[in-house]
Each structure stands twice: as C-alpha cells, then as structure tokens.
Amino acid sequence: MKKQLTYLPSVFKEFLRTCAESARAHHARIYLVGGVVRDLLLGRDVYDLDILVEGDAIRLAVAIARRRGMPVTRHKAFGTASFIFRGHKIDFAAARSETYLTPGSLPRVRKAGVTQDLSRRDFTINAMAVSLHPAEYGRLIDPCGGQEDLRRHLVRVLHSESFFDDPTRILRAIRFEQRFQFRMEAGTLFQLKRAVGSGALDTVHPHRIRDELILIMREKFPFRCLRRAGKLTGFGFLEPGVRCTPAAGRLLNRIQRLQSFFLRSFGARTEFRLWSVYFTAFLESLSLPQVEFLLEELGMDKRTRSDVRAARSLRARRRRLKAPVLSDDELYEFLHQFPLEAVAYVYAYSTNGRLRRRIRRFIDTLSHIRLRIRGRDLQRLGVTPAHLYGKILRSVLRQKIKKGFRTKEEEERYALGVAERLSRQWASGGRKKGKNS
Ligand code: ATP
C-alpha cells in the first residue's frame, strides 16, 4: 500500500515517519489499522489515525507526544493512549486478543500480535492493517479478505457468533452498509437477523447503545441508517414506542436537505451539534414523558436532554412566530432563549412560510448581531453594581436590534441610561428583585 500511503495528507506523512523511528527505538512495531486502512483503500479522506502497536502503546505515545510537547490522554486499563496532532486525533492501542465470556458484556483482553488483533474486529473491511515498520513499510496485512470485500461492496462479520459477542456490531453493520452504500453479505445478514431475533440488543448496556445511536446521528445520511435499522431491528430495544414513522422520516429527510444550510449558518459556532437535531427528530413518535424516560435510560448528557426538551417546547410555542406582527427585537427576544439546535429543528419541522421566513431572519441576521461594548466598558464608565451588567448588556442588545446602533458610543449612552434606571430601582428596595431577575 505504499502508493495509498502517499495519498495521506502531507501533515501525516512526516509524522508517521517519526512515529516509526520512535517505535524502532522502543523495540515496537507499529501499523495503521481499521477504518484508516479501509478509507485509504476506498480513496476517502482520512482525518484521524488509529495506530496499532506490537509493544507498549502508552510508552510509545508518550515518547512521541513529548517530543512535540503535546499532552497525552492515557487509558491504562485498555493499554491505549491518544493525543491531538494539528487538530487530528491520533490513537495508539496495544495489539490484543479478546474473549467474550457472556454476550453483550465487555471482553477479557490479552496481549497479542497484529494478526490476532485483526481477528477480534467487527468486519472484514475494518480488519486490515498497514505496516509502518521501515523494513516492510506499506505492507498490507489482510487475513480476513477485507480488500476483496471492499471491492465487492460487502459488509461481512469475521465469524458466526460475532453479533452475539458484541451486539453493538448490529448497529455498526447497518451504519457502514449505509454509509458506503454496500450490501450485507448473505451469511452476515442471516446472523444479524438471528441475533436480533434472540434479543441480543436487549443485553447491551444502554450507554453503549447511546454511543452507537450518536454515531448514527453523526453520519452524513442518518435517515438511511435509521430506515434500515427500522426494518432490520425495529427500535423496541430502546423503548416500546420508538418507531421511525413516515412523519419522522419526512422530518429527518428535511433536516438532511437543510444540513448544509445549518452547517453554513451555525458551523462557525462550534458548539452547534447537528446530530442532536437529528436525534430530536428521531424521537418524534414519543410523548415528552417517554422521551424523558428514554434519555434517562440512555444516560444522555445534560446538554442533549435540554436540546430535545427545548426543541419540543419551541415546537409547542411556535404559533408566536406566525403572529401577523412581530418586530425584530421581539423575534430575537423569543428565539434567542432557545438553543440553536431547537431553532434548527423547528425550522425543519414547520412548513409555514411566515414562520420559516422569521426563523431565517433570526438565523441569517439577528443571531449574528453582537455588542461592541463589554462588561469592562461598563466598569470603565463607573457603572455599579456589577451584578447588573448581564441585564444591562441584554437590554442594550435588544435596543441595538430595534434601533440599529452603529457606534460604540451609542451603545454606551444607552447602557448608562439603563444602568441609571436599574440602580435606582435596586437602591429603592428592589434589591432582592434585581438580584434574582
Ligand atoms: P469511522 O469511520 O466511523 O470512524 P472506524 O472504522 O474508524 O469508522 P471506530 O469506531 O473508530 O470505527 O473503530 C476503529 C476500529 O476499531 C474499527 O475499524 C474496527 O476495526 C474496530 N472496532 C470498533 N468497534 C468495534 C467493535 N464493536 N467490535 C470489533 N471491532 C471494533
């Protein structure tokens, strides 16, 4: 695979050479492994690297990172370490074999060589490695026929008990099949249905299901995966009421069509998570109490929970956005209290022209308006007490949207007026109220 390795972004080439030198100094052999190899063979872009180490992966990762002054995250229990190199995640893992004692549980792990490590993996297309050792640089190690399956566009498990050993592979198989528009090899499909039929997914810890669901929602076309999963597995393993209904399907499709608009509009605000918009749409068939129960079960993080809740709440209150008259500052006031994910969700959800125009105005213009003044400007102007700054700045922003202040001086002048009014209120007994509001 020497040729394919030359397709790696140049930032990686030099880096991998130094990794190989360090490995030699540590009497270890290193390989690129898994998805990277698959993507190189498919000619797809590679963003992150998985490096398999025959030897001590943690020591090697620390040595490499130290030379560049990069902090390392170590997982001693798993023999893995990772660091970020110029924005790319680099994972180091010691080659290991795995034995599953009970289906769905975590496996027992032992040190092993590269071939054994490959034989514990999920699918043939993910069970390939490329040696980076100088003496055999670029040699493809493909004991399970991954390259041939890539050529034939097949997702194939390595053995008949694979889905029982780790039922999350059921969802992974669907994800890779749909991402690459491959087919499931006949025996694999049969084994998948057998595992689903015997309730294998019910044995998986909900947190692992959650992680796989998030990976699905992060796909470029989550709806394809969800539709296929709806057919092959149903979603009873999540909650009896979860269904990818036609309405949810239409909504997921609309989000998909809007995704480049959302990413263009919100992408620069790195906190925007398109996957959470998809996730909210996926839960369409559930009532709010059922949603809350499921999110709790899955151990979903606080932010996702509040995104889903906010999206439902905005959807329930969206009539406000259809009012015959709604000024810019009222529109801003109403929408800015919701996370961008909830706004994106309701934009995709609604087909009402006026509502969509207004959300669009918020997304394209109002949500970008920023103040020129900051808390330190209020301090410079001698405004007290400081705990009112947030309230003052919010009030200036609303007025800026309304009046279109152009200069910092206009903002300052208005801020001083608000400050005076508020501190008068605060001083004349409204202290408690002022503090709490
Ligand atoms: P992606 O492009 O989605 O990141 P990936 O193949 O890199 O795909 P990861 O989830 O990052 O997927 O996993 C890296 C590699 O680890 C896989 O290619 C596969 O070899 C192995 N792997 C991951 N999950 C499993 C699993 N559940 N069972 C066996 N092997 C797995």
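What you see is a predicted model, and the numbers here were worked out from it, not measured in a lab.

1. Observations concerning the overall build of the protein chain
Counting its regular elements, the protein chain contains 21 helices and 11 strands. A principal-axis box enclosing the C-alpha atoms of the protein chain has dimensions of 80 × 50 × 40 Å. Within the protein chain, counting contacts between residues at least 6 apart in sequence, those at least 24 apart form 66% of the total. In the protein chain, which carries 85 positive and 45 negative side-chain charges, the distance between the mean positions of the two groups comes to 5 Å.

2. Observations concerning the site of the ligand
Every one of the 15 residues lining the ligand counts as a neighbour, but Arg-38, Asn-126, Asp-166, Arg-169 and Arg-179 are closest to it. The backbone of Asp-122 places a nitrogen or oxygen atom 3.1 Å from a nitrogen atom of the ligand. Arg-175 places a side-chain nitrogen or oxygen 3.3 Å from an oxygen atom of the ligand. With the chains in place, 72% of the 590 Å² that the ligand exposes on its own is no longer accessible. Among the secondary structure elements, those contributing two or more residues to the shell around the ligand are helix 3 (35–42) and helix 8 (168–180). Tallying contributions element by element places helix 8 first for the shell around the ligand, with six residues. In terms of residue class, the shell around the ligand is made up of one nonpolar, four polar and 10 charged. Shared between two domains, the shell around the ligand holds at least three residues of each, these being domain 1 (1–149) and domain 2 (153–217).

3. Some points on the side chain of Asp-307
Checked against the element boundaries, Asp-307 lands in helix 15 (residues 302–316). Of the residues examined, Asp-307 reaches a relative accessible area of 2% and is grouped as buried. Looking at Asp-307, its side chain comes within polar contact range of the side chain of Arg-273, at 3.4 Å. The residues touching Asp-307, leaving out its near neighbours within four places in the chain, are Arg-273, Ser-276, Pro-339, Glu-341 and Ala-342.

4. Side note on the nonpolar core
Judged by nonpolar contacts, the single largest core of 133 residues is most densely connected at Leu-32, Phe-92 and Phe-279. Among the elements that line this core, the one with the most residues is helix 17 (residues 340–349), at eight residues. One finds Val-33, Val-114, Leu-118 and Ala-127 within the second-largest nonpolar core, a separate group that totals nine residues.

5. As for the sheet that holds strand 5 (residues 88–94)
Ordered in space as 3-4-5-2-1-8-9, the seven strands form an open sheet in which the pairing is mixed. Across the chains shown, the open sheet's two edge strands, defined by having one partner strand only, are strand 3 (73–75) and strand 9 (140–141). Two elements, strand 2 (residues 49–54) and strand 5, share five bridges in a ladder whose sense is parallel. Looking across to strand 5, one finds that Ile-51 is bridged to Phe-92. Along the sheet, helix 3 makes contact with strand 1 (29–33), strand 2, strand 8 (129–131) and strand 9, crossing strand 1 at roughly 60 degrees.

6. Description of the domain arrangement of the protein chain
On domain assignment, one finds that the protein chain holds domain 1 (1–149), domain 2 (153–217), domain 3 (246–368) and domain 4 (375–436). On a C-alpha basis, the centres of domain 1 and domain 2 stand 23 Å from each other. Opposite the 21 residues of domain 1 that make contact, domain 2 presents 21 residues. For the pair domain 1 and domain 2, the summed buried surface comes to about 1,700 Å²; carbon and sulfur atoms form 57% of the total. Inspection of the domain 1/domain 2 interface yields two salt bridges. Ionic pairing is found between Asp-149 and Arg-156, a salt bridge with its closest N-O pair at 2.8 Å. Applying the counting criterion to the domain 1 and domain 2 interface returns six residue pairs in polar contact (both at pLDDT 80 or more). Examining the composition of the side of domain 1 that touches domain 2, we find that three residues originate from one element, helix 3, more than from any other. For the side of domain 1 that touches domain 2, a count of residues per class yields nine nonpolar, five polar and seven charged.

Reading guide: rules and limits
Residues numbered from 1 in each chain as written. Predicted model: local features only at pLDDT ≥ 70, side-chain atom pairs only at ≥ 80, totals over all residues. Heavy atoms only, no water. Helix = DSSP H or I, 4+ residues; strand = E, 2+ residues; numbered from the N terminus. Contact = heavy atoms within 4.5 Å. Lys, Arg positive; Asp, Glu negative; His and termini not counted. Charge placed at Lys NZ, Arg CZ, Asp CG, Glu CD. Near = heavy atom within 4 Å. Polar contact = N/O pair within 3.5 Å; in protein donor to acceptor, adjacent residues only side chain to side chain. Areas by Shrake-Rupley, 256 points an atom, 1.4 Å probe, with all protein chains shown as cover. Nonpolar A, V, L, I, M, F, W, Y, C, P; charged D, E, K, R; others polar. Domains from an automatic or database assignment. Buried < 20%, exposed > 50% of the residue type's maximum accessible area, 1.4 Å probe, protein only. Core = buried A, V, L, I, M, F, W, Y, C linked by side-chain atoms within 4.5 Å. Pairing = 2+ DSSP bridges. Axes fitted to C-alpha atoms, helices over the stretch in contact; angles between N-to-C directions. Buried area = accessible area lost by both parts, 1.4 Å probe. Salt bridge = Lys/Arg side-chain N within 4 Å of Asp/Glu carboxyl O.

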